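# Structure assessment
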Amino acid sequence: MEKLYTITFSPTGISRFAADKIAESFDTEPILIDLCREPRDEIQIEQQSVCIISVPCYGGRVPQTAIERLAHIHGNGATAVLCVTYGNRAFEDALLELADCTGKAGFHVEAGCAVAGEHNIMHIYGTGRPDNSDQKEILQFSAEAAEKIKSGIRKSPDFPGSRPYKEYHAAKTEILVDENICISCGQCASKCPVNAISNDGLHLDGNACINCMRCIQICPKKARSISKEFVSALIQKVGKACETRKKNQFYL
């Protein structure tokens, strides 16, 4: 292995956490490629490198922003280990879609997983996940993936899902700002993956916003939020599907 990369689109940090946990089984310090920042140039990966590619699942699909930015990374035959994180409901076609995207980008996929995490809107579901039990499972998977790669076996696993992928449907809501609390520090604007927030943090381009919830999570004054009515309605709509603890899924 020439180099180890973690390539992540992780607005709220769960996908990056999972990628870092997978990387622990490889004996090299990973190089981070953060897809929350748009690549300025085309990125060429060395053929003998290993890339851990981790993204969240939005509405059963890979976020379009992640797909667009992955297209700027060229695998050149490098090995890929995939991870999709999902909010304790279902990952549907996301892992298959990620495998297809990375294959088109020139990677050879050797392993993949779907890891349950805390829902980024309905926080009562998957609270605290990936927890200690999840992390043990991830480490076991990564150790087996690393051993497979080291052995020289070149066989892509079969991932669940369907083609054509399910039509993307995800609830979208307005991000609210309490101007009495906001100090216009600019953190939300500088870290927004799609540059949808004005520099003072008070204005949002609703068309550009992808509801990733990063700005809400990182606001130091908790000045940003979504309406409680929206969360309640979403719980009423899909909460039943999120109630039971979902299992992580691993493919080698």
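Our structure's up above, just so we're on the same page.
### Section: the pairing of strand 6 (residues 79–86)
Counted residue by residue, strand 6 has eight buried out of eight residues, so it is predominantly covered. The alternating pattern of strand 6 places T79, V81, C83 and T85 on one face and A80, L82, V84 and Y86 on the opposite face, and all of these are buried. Taken together, the seven bridges between strand 4 (residues 50–56) and strand 6 define a ladder with parallel strand orientation. Residue pairing for strand 6: S54 is matched across the bridge by C83. One ladder, built from eight bridges, connects strand 6 with strand 7 (residues 108–116); its direction is parallel. Note on strand 7: the bridge partner recorded for T79 is H108. Between strand 6 and its parallel partner strand 7, the chain crosses via helix 3 (residues 94–104), and the hand of that crossover is right-handed.

### Quick notes on the pattern of salt bridges
Under the definition given, this model contains eleven salt bridges. Measuring nitrogen to oxygen at the nearest pair gives 3.2 Å for the salt bridge that ties E46 to K3. Taken together, the positions of E46 in the loop between strand 3 (43–44) and strand 4 and K3 in the segment before strand 1 (4–8) put the pair 43 residues apart, joining distant regions of the chain. With its nearest N and O atoms 2.8 Å apart, the salt bridge here joins D134 to R129.

### With respect to helix 4 (residues 132–151)
Quick reminder: α-helices carry 3.6 residues per turn. Residues three or four places apart thus point the same way. The end-to-end C-alpha distance of helix 4, which contains 20 residues, comes to 29 Å, matching closely the 28 Å that a straight helix rising 1.5 Å per residue would cover. Taken as a whole, helix 4 has its buried residues at D134, Q135, I138, F141, S142, A145, A146, K148 and I149. The buried residues of helix 4 all sit within an arc of 160° when viewed along its axis, so they share a single face. Away from its buried face, by an angle of more than 90 degrees, helix 4 presents the exposed residues N132, K136, E147 and K150. On its buried face, helix 4 sits against helix 1 (14–23), strand 4, strand 6, strand 7 and strand 10 (249–251). For helix 4, the capping residue at the N-terminal end is D131, with a side-chain oxygen 3.2 Å from the backbone nitrogen of S133. At the exit of helix 4 stands G152, carrying a positive phi of roughly 90°.

### So, the packing of aromatic side chains
The tally for this structure, following the rule as stated, stands at three aromatic pairs. Ring geometry for F159 versus Y251: centroids 5.7 Å apart, planes at 75°, classification edge-to-face. Taken as a pair, F159 in the loop between helix 4 and strand 8 (176–177) and Y251 in strand 10 lie far apart in primary sequence, 92 residues in all.

Conventions used here
- Residues numbered from 1 in each chain as written.
- Predicted model: local features only at pLDDT ≥ 70, side-chain atom pairs only at ≥ 80, totals over all residues.
- Heavy atoms only, no water.
- Buried < 20%, exposed > 50% of the residue type's maximum accessible area, 1.4 Å probe, protein only.
- Helix = DSSP H or I, 4+ residues; strand = E, 2+ residues; numbered from the N terminus.
- Pairing = 2+ DSSP bridges.
- Right-handed = clockwise from strand over helix to strand, strands pointing away.
- Salt bridge = Lys/Arg side-chain N within 4 Å of Asp/Glu carboxyl O.
- Expected span 1.5 Å × (residues − 1).
- Arc of directions from axis to C-beta.
- Contact = heavy atoms within 4.5 Å.
- Polar contact = N/O pair within 3.5 Å; in protein donor to acceptor, adjacent residues only side chain to side chain.
- Phe/Tyr/Trp six-rings, centres within 6.5 Å; stacked < 30°, edge-to-face > 60°.

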